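One-letter residues, chain by chain:
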Amino acid sequence: MQNLLRIVVAGPVGAGKSTFIRTISEIEVVDTDRKATDETADMKANTTVAMDFGRITLGDDMWLQLYGTPGQSRFDFMWDLLIRKAHGYILLVPAHLPGHMRAARSIRAFMRQRTDVPMIIGITHSDHPHSWDLEDIQMVLGDNEQSCPYLKLNPNDRVEVAHSLLALVEQLMPTAVAT
Ligand SMILES: Nc1nc2c(ncn2[C@@H]2O[C@H](COP(=O)(O)OP(=O)(O)O)[C@@H](O)[C@H]2O)c(=O)[nH]1
Ligand SMILES: [Mg+2]
């Protein structure tokens, strides 16, 4: 059994990737957030330019390493590097930004072309008053109920983040072989 699992947290700008890792990591997160100077500056002051890195101990000799991708497609060489080494990934989709659904869909396609490791989709910002319903998001991403696990979570909530990671690790365990 492999005792180190590398999990990638992907998704569009503002989905909550950096927050997700900061909320759950037991080490101080190594982040590469920098002042946004392009179109993302309208959304957030800082944006991830390379990756976020965090770690969680699952048991006596089992660790999860968490790698958060930059959201912008101009950094997709980092998506490529990170996903090729991943044992599983979580795609965070912000439910309050309809304009980002297309980005989420293309990130999904990008990952699918490179890997078939287990994945789950985490819908964030569902607490926003104008957030989309789960069914509508599934439809835009081209999924049905059976395609892959979907769950709603707020990346600021430690219990919800842990729950989503467990859902992914459950899928991973049978395939986690020493590499
Ligand atoms: N209310 C609420 N805020 C969220 C949620 N998910 C993320 N955020 C906030 O959205 C902002 C952007 O998150 P960040 O982690 O920087 O997104 P990233 O671009 O994916 O790394 C932060 O202020 C988060 O606290 C959510 O589900 N609900
Ligand atoms: Mg970030």
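Residues numbered from 1 in each chain as written. Chains lettered and ligands numbered in written order. Predicted model: local features only at pLDDT ≥ 70, side-chain atom pairs only at ≥ 80, totals over all residues. Heavy atoms only, no water.

Under an unreviewed UniProt entry, the name given to the protein chain is GTPase, and the organism recorded is Merismopedia glauca CCAP 1448/3.

1. So, the site of ligand 1
Inspection of the region around ligand 1 gives 16 residues, with Lys17, Thr19, Lys44, His125 and Asp127 positioned closest. Between ligand 1 and Ala15 there is a distance of 3.3 Å, counted from an oxygen atom to a backbone nitrogen or oxygen. The contact in question runs from an oxygen atom of ligand 1 to an N or O atom on the backbone of Gly16, over 2.9 Å. Protein contacts shield 76% of the accessible area of ligand 1, which totals 580 Å² for the unbound molecule. The biggest single contributor to the shell around ligand 1 is helix α1 (residues 17-24), with three residues. (Near = heavy atom within 4 Å. Polar contact = N/O pair within 3.5 Å; in protein donor to acceptor, adjacent residues only side chain to side chain. Areas by Shrake-Rupley, 256 points an atom, 1.4 Å probe, with all protein chains shown as cover. Helix = DSSP H or I, 4+ residues; strand = E, 2+ residues; numbered from the N terminus.)

2. Quick notes on the packing of aromatic side chains
Counted according to the given criterion, the structure contains three aromatic pairs. Each ring, one from Phe53 and one from Tyr67, has its centre 5.1 Å from the other, and the planes form 55 degrees; the classification is tilted. Of this pair, Phe53 sits in strand β4 (residues 52-59) while Tyr67 sits in strand β5 (residues 62-68); the two residues are 14 residues apart in sequence, bridging distant segments of the chain. Across the pair, Tyr67 and Phe53 agree in class, each one buried. (Phe/Tyr/Trp six-rings, centres within 6.5 Å; stacked < 30°, edge-to-face > 60°. Buried < 20%, exposed > 50% of the residue type's maximum accessible area, 1.4 Å probe, protein only.)

3. Some points on the sheet that holds β4
Here six strands make up an open sheet; going across it, the order is β4-β5-β1-β6-β7-β8 and the pairing mixed. The open sheet is flanked by β4 and β8 (150-152), the only strands paired with a single partner. Looking at each pair of strands side by side, their axes are set apart by 25 degrees on average, direction ignored. Direction of pairing for strand β1 (residues 4-10) relative to β5: parallel, over a ladder of six bridges. Counterpart to Val8 in the pairing with β5 is Tyr67. Contacts between helix α3 (residues 101-114) and the sheet are confined to β1, β6 (88-94) and β7 (119-124), with β6 contributing the most and set at about 170 degrees to the helix. Docked against the sheet, helix α5 (residues 158-172) engages β1, β4, β5, β6, β7 and β8, running at close to 165 degrees with respect to β7. (Pairing = 2+ DSSP bridges. Axes fitted to C-alpha atoms, helices over the stretch in contact; angles between N-to-C directions. Contact = heavy atoms within 4.5 Å.)

4. Here's the deal with the environment of Met43
Mapping Met43 onto the fold places it in the loop between β2 (33-35) and β3 (46-48). Measuring from C-alpha to C-alpha, the distance between Met43 and Gly14 comes to 7.5 Å, with 29 residues separating the pair along the chain.

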